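Architecture and fold: a report
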Amino acid sequence: MELRDASALVTGAGRGIGRAVALAFAREGARLTVVSRNATELDSLVGEIEASGARGIAFAGDLRSRSACDGAVAAAVDNFGGLQILVNNAGVGSFANVDDTSDETWDDVIGTNLTAVFRTTRAAIPHLAHRGGHVVMISSLAGQNPIAGMATYCASKAALDHFATCLMLEVRQRGIRVTTIAPGSVDTSFAGAERLPDTAWMLSAEDIAQTVVDVIRIRDAAHTSRVEMRPARPQKR
């Protein structure tokens, strides 16, 4: 797919991977609708998008709400005449054993990492199918690798992986490709944890963003359904 002039919706775009993806798309000439709970971060991002010569609009909203999911898709369609690319990146993490996990934490993680993806994708499908489109799911290797103390997060990403595969089987004959990108350790903030003093060994948000660009650029008759990414030389434990 050609990124220039494509209408792209990126969730969780205020910082980290989502921000890097949005800026990478802007450099390719895409028209961007960027979504986050933080309006200040979005305003700063849109300024950078426009400074690069691309077009961008901000949609501030909490995707745990169905109205925000529907509204974000509608904003992209209304402002740019359609939607060709959806990047489901918004996500939250949690560190807690199961018996220490509150209902509120469970609902927040599952609501953001899974339910919001379902609702946003459901709203986007008719528009993506109009001229052919691409859905990119930003998952995690935690979806395939159990981690003690992270059951809620791992469960959300495991469910996302399976959801994405089922979706791919449903929509590929309608001209919609679905790609899951599952990175390992990325140098971004996670679940409020302090950044490590040495992060040079980790993947960068820009590494993930470049991979998103690459899988979208593949010719339309080809389909990369899953990409796993790891640091080349992970930190020894």
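Residues numbered from 1 in each chain as written. Predicted model: local features only at pLDDT ≥ 70, side-chain atom pairs only at ≥ 80, totals over all residues. Heavy atoms only, no water.

Turning to the overall build of the protein chain, a few remarks are in order. Per the secondary structure count, the protein chain includes six helices and seven strands. From first element to last, N terminus to C terminus, the protein chain shows the α and β order β-α-β-α-β-α-β-α-β-α-β-α-β. Taken against the 2.2 N^0.38 rule, which gives 18 Å for 237 residues, the C-alpha radius of gyration of the protein chain at 17 Å falls within 12% of a compact globule. Taken along its principal axes, the extent of the C-alpha atoms in the protein chain is 45 × 35 × 35 Å. Taken across its 237 residues, the protein chain has 51% of its residues classed as buried. Taking the intrachain contacts of the protein chain between residues at least 6 apart in sequence as the baseline, contacts between residues at least 24 apart amount to 70%. A total accessible area of about 11,400 Å² is found for the protein chain, and carbon and sulfur atoms account for 48% of it. Considering the protein chain, the positive charge centre built from 24 side chains and the negative charge centre built from 26 side chains are found 7 Å apart. (Helix = DSSP H or I, 4+ residues; strand = E, 2+ residues; numbered from the N terminus. Rg over C-alpha atoms; globule rule 2.2 N^0.38 Å. Buried < 20%, exposed > 50% of the residue type's maximum accessible area, 1.4 Å probe, protein only. Contact = heavy atoms within 4.5 Å. Areas by Shrake-Rupley, 256 points an atom, 1.4 Å probe, with all protein chains shown as cover. Lys, Arg positive; Asp, Glu negative; His and termini not counted. Charge placed at Lys NZ, Arg CZ, Asp CG, Glu CD.)

Attention shifts here to the packing of helix α1 (residues 16-27) against helix α6 (residues 205-217). Contact pair α1 / α6: the axes reach a minimum separation of 8 Å and the direction vectors enclose 50°. The pairing of α1 with α6 is recorded here as oblique in orientation. For the pair α1 and α6, the crossing hand works out as right-handed. Judged by residue contacts, Gly16, Ile17, Ala20, Val21, Ala24 and Phe25 of α1 engage Ala205, Glu206, Ile208, Ala209, Val212, Val213 and Ile216 from α6. (Axes fitted to C-alpha atoms, helices over the stretch in contact; angles between N-to-C directions. Parallel < 35°, antiparallel > 145°, perpendicular 65-115°, else oblique. Left-handed = near helix turned anticlockwise from the far one by under 90°.)

With that settled, the discussion passes to helix α4 (residues 103-131). The end-to-end C-alpha distance of α4 is 41 Å, a good match for the 42 Å that 29 residues give at a rise of 1.5 Å each. The positive-phi residue at the C-terminal boundary of α4 is Gly132, with phi of around 95°. (Expected span 1.5 Å × (residues − 1).)

Turning our eyes to something else, we now look at unusual backbone geometry. Of note in the backbone geometry, Asp5 takes a positive phi value of approximately 70° without being a glycine. By the secondary structure assignment, Asp5 is in the segment before β1 (7-10).

Here Ile110 shows up in helix α4. Between the C-alpha atoms of Ile110 and Leu160, which are 50 residues apart in sequence, the distance is 9.7 Å. Those residues in contact with Ile110 that lie beyond four places of it in its chain are Thr115, Thr152 and Ser156.

Turning to the pattern of salt bridges, a few remarks are in order. Scanning all chains against the criterion turns up twelve salt bridges. The closest approach of N and O atoms between Arg19 and Glu48, which form a salt bridge, is 2.3 Å. Note that Arg19 is positioned in helix α1 and Glu48 in helix α2 (residues 39-51), a separation of 29 residues in sequence. Between Asp220 and Arg177 there is a salt bridge, and its shortest N-O distance comes to 3.6 Å. With a gap of 43 residues between them, Asp220 in the loop between α6 and β7 (226-229) and Arg177 in strand β6 (residues 176-183) connect regions that are remote in the sequence. (Salt bridge = Lys/Arg side-chain N within 4 Å of Asp/Glu carboxyl O.)

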